[in-house]
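Residues per chain are reported as follows:
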Number of protein chains: 2
Amino acid sequence: MFKNVRHFARRSTALQTSTIRSYSITGARAHQAFKVNSDRLWKDIHKTAQWSAPNATTEAGGLSRLSGTIEDKMARDWFADQVKSLGAKSYTVNATGSQFATFSGRGDSIPPIAMGSHLDSVTTGGRFDGPLGVIGALEVVRSFREQGIEHFAPISIINWTNEEGARFFPPLGSSCVFAGQSTVNAAHESKANNGSGETLGDALMSIGYVGNGPNTFEEFPLSAHFEIHVEQARALEKAGKPVGWVEGWQGISVFEATFRGEDGHANTYPMHGRRDALVGASRLIVELDNLAHVADGYTTATNIQSGPVGSCNIQSSTKLVFCLMHKELLSLNNMGQQAHEKARSIASMHGLELEWSRAMHLEPGHFWEEAVDCVRRACGGDRGMGARTDTAHDSTMTQLVCPTAMVFARSKDGVSHAAHEWTNREDCAESASVLGRAVLNFDQTLKKKHS
Amino acid sequence: MFKNVRHFARRSTALQTSTIRSYSITGARAHQAFKVNSDRLWKDIHKTAQWSAPNATTEAGGLSRLSGTIEDKMARDWFADQVKSLGAKSYTVNATGSQFATFSGRGDSIPPIAMGSHLDSVTTGGRFDGPLGVIGALEVVRSFREQGIEHFAPISIINWTNEEGARFFPPLGSSCVFAGQSTVNAAHESKANNGSGETLGDALMSIGYVGNGPNTFEEFPLSAHFEIHVEQARALEKAGKPVGWVEGWQGISVFEATFRGEDGHANTYPMHGRRDALVGASRLIVELDNLAHVADGYTTATNIQSGPVGSCNIQSSTKLVFCLMHKELLSLNNMGQQAHEKARSIASMHGLELEWSRAMHLEPGHFWEEAVDCVRRACGGDRGMGARTDTAHDSTMTQLVCPTAMVFARSKDGVSHAAHEWTNREDCAESASVLGRAVLNFDQTLKKKHS
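Residues numbered from 1 in each chain as written. Chains lettered and ligands numbered in written order. Predicted model: local features only at pLDDT ≥ 70, side-chain atom pairs only at ≥ 80, totals over all residues. Heavy atoms only, no water.

A few words now on the packing of helix α10 (residues 277-295) of chain A against helix α10 (residues 277-295) of chain B. With their axes 8 Å apart at the nearest point, α10 of chain A and α10 of chain B run at an angle of 125° to one another. With respect to their mutual orientation, α10 of chain A and α10 of chain B come out oblique. Taken as a pair, α10 of chain A and α10 of chain B cross one another with a handedness that is left-handed. Residues L278, V279, S282, R283, I285, V286, D289 and N290 of chain A of α10 of chain A form the contact with α10 of chain B, whose own contacting residues are L278, V279, S282, R283, I285, V286, D289 and N290 of chain B. Its residues assigned to classes, the contact of α10 of chain A with α10 of chain B shows eight nonpolar, four polar and four charged. (Axes fitted to C-alpha atoms, helices over the stretch in contact; angles between N-to-C directions. Helix = DSSP H or I, 4+ residues; strand = E, 2+ residues; numbered from the N terminus. Parallel < 35°, antiparallel > 145°, perpendicular 65-115°, else oblique. Left-handed = near helix turned anticlockwise from the far one by under 90°. Contact = heavy atoms within 4.5 Å. Nonpolar A, V, L, I, M, F, W, Y, C, P; charged D, E, K, R; others polar.)

Here we come to the packing of helix α5 (residues 131-146) of chain B against helix α14 (residues 425-450) of chain B. Angle between the axes and distance between the axes: these two values describe a pair of packed helices. All names here are of chain B. Between α5 and α14, the shortest axis-to-axis distance is 9 Å and the interhelical angle comes to 60°. Read as a crossing pair, α5 and α14 show a hand that is right-handed. Taking contact as the criterion, the partners of L132, G136, A137, V140 and F144 in α5 are, on α14, C428, S431, A432, L435, G436 and L440. Tallied by class, the residues present in the contact of α5 with α14 amount to eight nonpolar, three polar and no charged.

Take the relation of the copies chain A and chain B next. The two copies are related by a screw operation: chain A maps onto chain B through 180° of rotation and 0.0 Å of translation along the axis, at an RMSD of 0.0 Å. Both copies of the chain, as the preceding transformation shows, are related through a two-fold rotation axis. Of the C-alpha atoms belonging to chain A, the one lying closest to the rotation axis is found on S282 of chain A, 2.2 Å away. Most of the interface of chain A is mirrored in chain B, where 98% of its interface residues again form contacts. (Least-squares fit on C-alpha atoms with pLDDT ≥ 70 in both.)

Next up on the list: helix α2 (residues 38-48) of chain A. Residue and element names in this part refer to chain A. Within the span of α2, buried status applies to L41, W42, D44, I45, H46 and T48. Those residues of α2 that are buried lie in contact with α4 (70-85), α5 (131-146) and α14 (425-450). Capping the start of α2, N37 holds a side-chain oxygen 3.1 Å from the backbone nitrogen of D39, two or three residues further along. (Buried < 20%, exposed > 50% of the residue type's maximum accessible area, 1.4 Å probe, protein only. Polar contact = N/O pair within 3.5 Å; in protein donor to acceptor, adjacent residues only side chain to side chain.)

Turning to the pairing of strand β9 (residues 243-249) of chain B, a few remarks are in order. Where a strand is regular, its side chains alternate between the two sheet faces. All names here are of chain B. When you tally the buried positions in β9, you get six out of seven residues, the bulk of the element. Note that β9 and strand β15 (residues 384-389) share six bridges and pair parallel. Along β15, the bridge assignment pairs V243 with G384. As paired elements, β9 and strand β16 (residues 404-409) share four bridges and run antiparallel to each other. Note on β16: the bridge partner recorded for W245 is V407. Of the strand pairs in this sheet, β9 and strand β14 (residues 365-366) are connected by two bridges, and their pairing is antiparallel. (Pairing = 2+ DSSP bridges.)

What follows is about the pattern of salt bridges. Tallying each qualifying case throughout the model produces 46 salt bridges over all chains. K319 of chain B is paired through a salt bridge with E256 of chain B; the nearest N and O atoms lie 3.3 Å apart. With K319 of chain B in strand β12 (residues 317-326) and E256 of chain B in strand β10 (residues 251-260), this residue pair connects regions lying 63 residues apart in the sequence. Accessibility expressed as a relative area gives 9% for E256 of chain B, which makes it buried. Taken together, the shared-partner salt bridges in this structure form one network comprising R40, D44, E139, R142 and E146 of chain A. (Salt bridge = Lys/Arg side-chain N within 4 Å of Asp/Glu carboxyl O.)

Now for the domain arrangement of chain A. The parts lose accessible area when they come together, and the size of an interface is often stated as this lost area. Residue and element names in this part refer to chain A. What the domain assignment lists for chain A is domain 1 (9-249 + 366-450) and domain 2 (251-362). Here domain 1 and domain 2 have C-alpha centroids that lie 34 Å from each other. Facing the twelve residues of domain 1 at the interface are 13 residues of domain 2. In total, domain 1 and domain 2 occlude about 930 Å² of area from one another, counting both sides; carbon and sulfur atoms represent 64% of this. Counting across the domain 1 and domain 2 interface gives zero salt bridges. Applying the counting rule to domain 1 against domain 2 returns two residue pairs in polar contact (both at pLDDT 80 or more). (Domains from an automatic or database assignment. Buried area = accessible area lost by both parts, 1.4 Å probe.)

On to the interface of chain A and chain B, then. Contact residues are listed per partner, giving 64 residues for chain A and 63 residues for chain B. Among the residues of chain A in contact with chain B, N267, M271 and S311 of chain A are the three that bury the most area, contributing 13% of the side total. Where chain A meets chain B, there are two salt bridges. With a closest N to O distance of 3.2 Å, D289 of chain A and R283 of chain B form a salt bridge. Put simply, chain A and chain B have 34 residue pairs in polar contact (both at pLDDT 80 or more) between them. Within the residue set of the side of chain A that touches chain B, elements represented by two or more residues are α10, β11 (298-307) and β12 (317-326) of chain A. It is α10 of chain A that contributes the most residues to the side of chain A that touches chain B, ten residues altogether.

Turning our eyes to something else, we now look at the nonpolar core. Counting residues in hydrophobic clusters, the biggest one holds 94 residues, and the most contacted among them are M115, I157, F226 and V375 of chain B. Here this core spans two domains, and each of domain 1 (11-250 + 366-450) and domain 2 (251-362) of chain B adds at least three residues to it. Within the second largest apolar cluster, 93 residues are counted, among which are V83, V254, A405 and A409 of chain A. (Core = buried A, V, L, I, M, F, W, Y, C linked by side-chain atoms within 4.5 Å.)

Once that is clear, we can look at helix α12 (residues 369-379) of chain A. Residues and elements named next belong to chain A. With eight of eleven residues buried, α12 lies mostly within the body of the structure. What α12 keeps buried is the set E370, A371, V372, D373, C374, V375, A378 and C379. Among the structural elements, β8 (224-230), β9 (243-249), β15 (384-389), β16 (404-409) and α14 are those in contact with the buried residues of α12. G380 sits one or two positions beyond α12 and adopts a positive phi of about 75°.

So, about unusual backbone geometry. Residue and element names in this part refer to chain A. The omega torsion of the bond from F169 to P170 falls at 5°, within 30 degrees of zero and hence cis. The residue P170 is located in the loop between β6 (168-169) and α6 (175-178) in this model. With a phi angle near 55°, L172 is a residue other than glycine that sits in the positive phi range. Within the secondary structure layout, L172 lies in the loop between β6 and α6.

Aromatic ring pairs are reported here in terms of the distance separating the ring centres and the angle at which the planes meet. Residues and elements named next belong to chain A. Throughout the structure, instances matching the rule amount to 30 aromatic pairs over all chains. Here W42 and F128 contribute two aromatic rings whose centre-to-centre distance is 6.0 Å and whose plane-to-plane angle is 35°, an arrangement assigned as tilted. Taken together, the residues W42 in helix α2 and F128 in the loop between β4 (113-117) and α5 connect sequence positions 86 residues apart. Take F128: its relative accessible area is 0%, and that puts it in the buried class. Arranged with centres 5.6 Å apart and planes meeting at 55°, the rings of F322 and W356 form a pair that is tilted. Of the two residues, F322 is situated in strand β12 and W356 in strand β13 (residues 353-362); the sequence distance between them amounts to 34 residues. (Phe/Tyr/Trp six-rings, centres within 6.5 Å; stacked < 30°, edge-to-face > 60°.)

Attention now goes to the state of the cysteines. According to the stated counting rule, one finds zero disulfides over all chains in the structure shown. With no disulfide of its own, C323 of chain B lies closest to C312 of chain A among cysteine sulfurs, the gap being 8.1 Å. (Disulfide = S-S within 2.5 Å.)

All names here are of chain B. Counting buried positions along β10 yields nine of ten residues, so the element is predominantly enclosed. Bridge count between β10 and β12: ten bridges; the pairing is antiparallel. The residue bridging I252 from the neighbouring strand is M325, located in β12. Inspection of the sheet shows β10 paired to strand β13 (residues 353-362) by nine bridges, in the antiparallel sense. Directly across from E256, in β13, lies its bridge partner S357.

Pasting the structure below:
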């Protein structure tokens, strides 16, 4: 299992000073009219949704495309074909399976501006969380080409591997390595959440997606990273805005807690003296649910694996994965402490051993102002609004190493990670158009700086 | 999944009157000296423990031999070789994999007296729960042969399939069909507790143990059924008795409860309005733990399967298996009602749908007095005592159709279903000697009746 605590806080100056930190906001009014082909984008979102494992989610119009599965391979192969036929200067797959396609600009000696997201989904996912970011980026480049729109910086499209962490834990599997927060080996050793012992590395190998492309920002510097994502909340919907610029994110801590008790017969072992790991874990889940309300944050137990599997044994080992979320760092840290205290108290009450680790910690933060401003301006007029994401994205990794911002597309009812996740055709197109304009805005500043 | 509620209460007169309901207690003092070969029994218990899946339990000296696995096949093959080399008149395997070996008596026209138990174990089992009953029976027949002890009735040794229900639910997989409480098809369709979709039927087929032997009592009537089992409690140990006669059992209800909620993102879905199935199931587990103490019974949640598996989704479906135990039927039924009320209340609180079914219901009861008396007399002097089992056995199925009694062997600390389950050599041997003497006692009554 991946042992290091991933504590994501923006790194200090070394890398940041190597990228663009200041520039003047300039015009480029011509680019403000840029629009993608909404029909083509819409068609591809739904066409690619065919590569989905058959289950109730798929039947309900959702998407189930776990990392390293055959469905993932089909979507990846399609993406590779698309970028090659669009004339990518380079196309590579790195060791953690991420696909990088780069298109020449006129100033090819500077690092590319990247647009990236993920084609993988959760088991019970929708068609937009992830795919909109990748297919939207593809549509931007197609439309640039068609409309003869030139750019100074090269432009890269990235399909990041295992963003969701749905099949293999932890999430942000590849962008995390890219940002120097983990290693290729650790990512390859990411274990299956179902306890089967499978690893991400083996799964990627099985679909032929372990390549020799760049794994880190040091190997493949970016001038910036932009990402479209569905909002997964209702701020835009309530305000009647189709798009938004994402100013920052709430903090997230992910913990693994394992209670270990004692084996014994379910029917005959006296109640007094039992060391039932599942009762302990259940008490913690109930406490976590209460904690969310007390702390005005969010808590979710996302995975439980308990054994011995059977029907007539006291459960002697129960492993939980859960996440705590809060807008404020201090409150997030307090929630983590309280959760740990409750778990220790429960372990004491039930005579259990407790293994406790914080597997991931993303401090709340803000995207890079110069990148956010490019998105804000790209939204145009009163079409957009500032918003915050409540979860982590590949962009919350890239922001550690380069100017990063995100475009939000309005979500119906704020639903995501569910079959009925929905963003309508016009909002998808508008978010992609904003992405393209934001890239052109950022490109203007690079051009000015380097010419 | 097996749909019928298995409501185990002894059937009325039709079958019982076809068997021996009354007899006089007679002498047969010669048989009271019968003893098995303790070294051979002990050696075989430990020799057969080699057929065990490698895991922490096995390393700690326990046994992990799930039904239908290659280890199960090895133990079965050994058993078949042993009974054949002992000169069994017949050896058959039935459709649910149970092995029947029958040895001639002088009055071969009457149904055999059976000694049976199971060679399968739970995942984290010990070496005695099950194997002592089968290998002890084998040792009885070997010793009868060696010592020239004749019997009037034929004698059968039975290795019942899937008593534990550890790999496939429900337990008592074959004896339950034998007693007319289920069908071969339903047993074959018993699903894996790990949610893999495997079935008992497929597993038995894969090890070559689906045979054409007798499946039911109607096809293979027994004059009686006797079984040795480790006590799994501390009554004998506290009283300083190596053996006991089992007078009855406590009642057990096994329930399956599935909470269904709504898919959603673990980080972004507002706390208020969530329909989190795992929180609901956890509240029920905590309530069940409390219920045991309030009702002076036992409760255990023995299996939890929750999904979608991943690390960033609210759990939308959580299935629990749990059992309730009580000495008194009324209290057991009340516990079942209270558990259901609590589950409904939790479902209401969290906006969940609830699927609820009682998968098994074994009323508390008493073994057949004429069979128990044979064990009581076989214990001899003050070596034994009356006791009660707190769980179900193959004998709690056979008692539905024929005179049945059990022999208890003292358990160290009352532990079972754990690697450190232990019954010492002398107690194993004494329990097998008691089993042999009890069979001879019962045989005396049959002989008297038929001669």
